[in-house]
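Understanding the architecture of this molecule
Listed below, chain by chain, are the residues.
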Amino acid sequence: MKTRTCILPPLLLLILAACNQKDSPALNSVNEESGPAEAMAQITGTVAYRERIALSPGAVLEISLEDVSRADVKATLIARQKITSPGQVPIRFELEYEPGEIDERMSYSIRARISDGGRLMFINDTHTPVLTRGAGNHVDMTLVRVKEPENDPVGIELEGMFSYLADAAVFRDCRTGKTFPVSMEGSYMELENAYLNSGIDPGHEIFIELNGRFLERPAMEGNHNKVKLIVDKLNNMEHEKTCAPTVHAELADTYWKVIEIGGGTVVTPEGMKEAHIILASAESRAHGNAGCNNFFGQFQSEGDTLSFSAVGSTMMLCPQGMDTERAFLEALGSTTRYTISGLFMELYAGDKLLARLEAVYL
């Protein structure tokens, strides 16, 4: 008896295979679990600047959405868009992001910068909130021009400690121990990128050698100028090297002027007393001015530990200085240890930097 082989037409084979896939429980379960992809959301807006400067065809606009909720860590990038040959201002953009990455409890900001011919030309130097805490999904930004280095094209040789945190860059000059904000112009971007790629924790200092200059620039907030460092050339960056002052101020019986709180520079309003503290060795008494009111209390210190207790103050209400006062008194209440390097003292809660103070000899 002969066995016959039945050869099915190719079209019939494809139909049977499709039916088998449709009935496959394993395949159906995968499809059910994956579900439809979440639709992307958009932030829309415009970017402009005040100067009458035309952009070349080689210009590039970069827009980024960042999580800026925590002041003690680097901002987290959520989404980024790069627009080449954007034309002339106002430039419209539509930045897509995944809604699932947004937490209503957090704070988000849009960052923009325009480069032309490989040189940074314009940036937004203020916080531009979006999405949460009452902010919407549309922004109109006016960028500021990054100024060219002035006078001497290479500045002077400087050594110091540099730190960067949440868009705030700070330089501590080894020669004087004084701290200056760093302006986002000249070769600043080279310095920022080198810092971010160095592996150091955000906000921690690293030793740098550079050519630069100290010039007045508009402050980030308020209608006044501040002396800032303009970086002309980054020469070197080292993990192991530090500024090594030979003379250190004493904790007690020293007038300590508050210069930074929570990473922000303290500015004394005109006509107001500067925020300061004196730790009197007699009876371990702390007293000073917090920005508006005089305060008093006790301090305890052993080794590098430091804490404050029974802190009280007068009850005046000042038109300015109240934010500084609240932040400084909160910092004192949280302080657990301190460090002194040269003329500068830092207050910490564990490893978190709370405030920086400078010794002033009257």
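Right above here is the structure, for reference.
Residues numbered from 1 in each chain as written. Predicted model: local features only at pLDDT ≥ 70, side-chain atom pairs only at ≥ 80, totals over all residues. Heavy atoms only, no water.

Notes on the state of the cysteines
Basically, it comes down to this: Counting rule for disulfides: a pair of cysteine sulfur atoms within 2.5 Å. The helix count covers DSSP runs of H or I at least four residues long, the strand count covers runs of E at least two residues long, and both are numbered beginning at the N terminus. Partly exposed describes any residue whose relative accessible area lies between the buried limit of under 20% and the exposed limit of over 50%, with all areas from a 1.4 Å probe on protein chains only and scaled to the type maximum.
With the rule as written, the count across this model stands at two disulfides. Note that Cys-174 is cross-linked by a disulfide to Cys-243, the S-S spacing being 1.6 Å. Around the S-S axis, the bridge from Cys-174 to Cys-243 shows a dihedral of about -80 degrees and counts as left-handed. Taken together, the positions of Cys-174 in the loop between β10 (168-173) and β11 (179-181) and Cys-243 in the loop between β13 (225-238) and β14 (255-261) put the pair 69 residues apart, joining distant regions of the chain. Owing to a relative accessible area of 28%, Cys-174 belongs among the partly exposed residues under this scheme.

Topic: the packing of aromatic side chains
Any two aromatic rings considered together are summarised by their centre-to-centre distance and by the angle between their planes. Spelled out, the test is: Classification of ring pairs uses Phe, Tyr and Trp, with its six-membered ring standing for Trp, and accepts pairs whose centres are within 6.5 Å; under 30 degrees between planes counts as stacked, over 60 as edge-to-face, and the remaining range as tilted.
Enumeration according to the criterion identifies five aromatic pairs in this entry. Aromatic side chains Phe-180 and Phe-214 sit 4.4 Å apart centroid to centroid with 40 degrees between the ring planes, which places their arrangement in the tilted category. Linking Phe-180 in strand β11 with Phe-214 in strand β12 (residues 206-218), this pair joins segments that are 34 residues apart in sequence. Three or more aromatic residues joined by ring pairs make a cluster, and in this case those are Phe-162, Tyr-164 and Tyr-195.

Some thoughts on the environment of Phe-296
Note the threshold: Contact criterion: two residues are considered in contact whenever any of their non-hydrogen atoms come within 4.5 Å of each other.
The residue Phe-296 is located in strand β18 (residues 294-302) in this model. Note: C-alpha distance between Phe-296 and Ala-286 (ten residues apart in sequence) is 5.6 Å. Non-local contacts of Phe-296, meaning those with residues more than four positions away in its chain, are made with Ala-286, His-287, Ala-310, Val-311, Gly-312 and Ser-313.

So, unusual backbone geometry
For the bond running from Val-89 to Pro-90, omega is 0 degrees, close enough to zero to count as cis. Its place among the elements puts Pro-90 in the loop between β3 (76-84) and β4 (91-97). Its identity is not glycine, yet Ser-284 carries a phi of approximately 50 degrees, on the positive side. Mapping Ser-284 onto the fold places it in the loop between β16 (276-280) and β17 (285-289). Given a relative accessible area of 30%, Ser-284 falls into the partly exposed group. Unusually for a residue other than glycine, Ala-310 sits at a positive phi of about 50 degrees. Ala-310 sits in the exposed class, given a relative accessible area of 64%.

Concerning the pattern of salt bridges
Quick note on the threshold: Salt bridge, as used here: a side-chain nitrogen of Lys or Arg that lies within 4 Å of a carboxyl oxygen of Asp or Glu.
Overall, the coordinates contain eleven salt bridges when judged by the stated rule. A salt bridge links Glu-66 to Arg-111, with the nearest nitrogen and oxygen atoms 3.8 Å apart. Of this pair, Glu-66 sits in strand β2 (residues 60-67) while Arg-111 sits in strand β5 (residues 108-116); the two residues are 45 residues apart in sequence, bridging distant segments of the chain. Like Glu-66, the residue Arg-111 is buried in the burial classification. A salt bridge links Arg-111 to Glu-192, with the shortest nitrogen-to-oxygen separation between them at 3.7 Å. Within this pair, whereas Arg-111 is found in strand β5, its partner Glu-192 is found in helix α3 (residues 188-196), the two being separated by 81 residues in sequence.

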